[in-house]
Amino acid sequence: MSKLHIKKGDTVYVNAGEDKGKTGRVLKVLVKEGRAFVEGINMVSKSTKPNAKNPQGGIVKQEASIHISNLNPVDPKTGKATRIGRKVSSLEGKRTVVRYSKKSGEEIK
């Protein structure tokens, strides 16, 4: 299985689907399914029974997962969608793999 190009906390751009053109922050990544939950994207209505959190019950809006192929990380420099690359950097004697933007070359944190 290949590495994923997004991870939790990334700001991503939606390439396809109902929310095409929107951006949001990744809340959760389901690695085996190849899907991610993005804040404010792919909202669905769900019926809930009354509970301690919601004593009234009723219909609640929440995010549903979206396939990772429909998401691209946002370039920190320009704010536009970009592809990512990986390179090994040696900081203070430690070898680490960092992700960088293919458009600007800037590191994605």
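These numbers were taken from a predicted model, which means no experiment stands behind them.

Caption draft 1: View of the packing of aromatic side chains. Per the stated rule, a full pass over the model turns up zero aromatic pairs. In this structure, Lys-87 is placed above the aromatic ring of Tyr-100, and the distance from its NZ or CZ to the ring centre is 4.8 Å.

Caption draft 2: Geometry of the domain arrangement of the chain. Taken domain by domain, the chain holds domain 1 (1-73) and domain 2 (74-108). A straight line from the C-alpha centre of domain 1 to that of domain 2 covers 24 Å. Contact residues are listed per partner, giving twelve residues for domain 1 and nine residues for domain 2. Taken together, both faces of the contact between domain 1 and domain 2 bury some 730 Å²; the carbon and sulfur share is 54%. On the surface where domain 1 and domain 2 come into contact, there are one salt bridge. The closest approach of N and O atoms between Arg-99 and Asp-10, which form a salt bridge, is 3.0 Å. Applying the counting criterion to the domain 1 and domain 2 interface returns five residue pairs in polar contact (both at pLDDT 80 or more).

Caption draft 3: Up close: the sheet that holds strand β9 (residues 94-101). Taken in spatial order, the three strands of this open sheet run β8-β9-β10, and their pairing is antiparallel. Across the chains shown, the open sheet's two edge strands, defined by having one partner strand only, are β8 (84-91) and β10 (107-108). With eight bridges joining them, β8 and β9 adopt antiparallel strand pairing. For Val-88, the partnering residue across the bridge sits in β9 and is Val-97.

Caption draft 4: Main features of the UniProt feature "domain: KOW" (unreviewed entry) in the chain. Within the UniProt annotation, "domain: KOW" (unreviewed entry) is assigned to residues 5-32. As a span, residues 5-32 carries 0% helix and 43% strand, and end to end its C-alpha atoms are 14 Å apart.

Rules of the game
Residues numbered from 1 in each chain as written. Predicted model: local features only at pLDDT ≥ 70, side-chain atom pairs only at ≥ 80, totals over all residues. Heavy atoms only, no water. Phe/Tyr/Trp six-rings, centres within 6.5 Å; stacked < 30°, edge-to-face > 60°. Lys NZ or Arg CZ within 6 Å of the ring centre and 35° of its normal. Domains from an automatic or database assignment. Contact = heavy atoms within 4.5 Å. Buried area = accessible area lost by both parts, 1.4 Å probe. Salt bridge = Lys/Arg side-chain N within 4 Å of Asp/Glu carboxyl O. Polar contact = N/O pair within 3.5 Å; in protein donor to acceptor, adjacent residues only side chain to side chain. Pairing = 2+ DSSP bridges. Helix = DSSP H or I, 4+ residues; strand = E, 2+ residues; numbered from the N terminus. UniProt positions renumbered as here; feature names shortened; annotations may be inferred.

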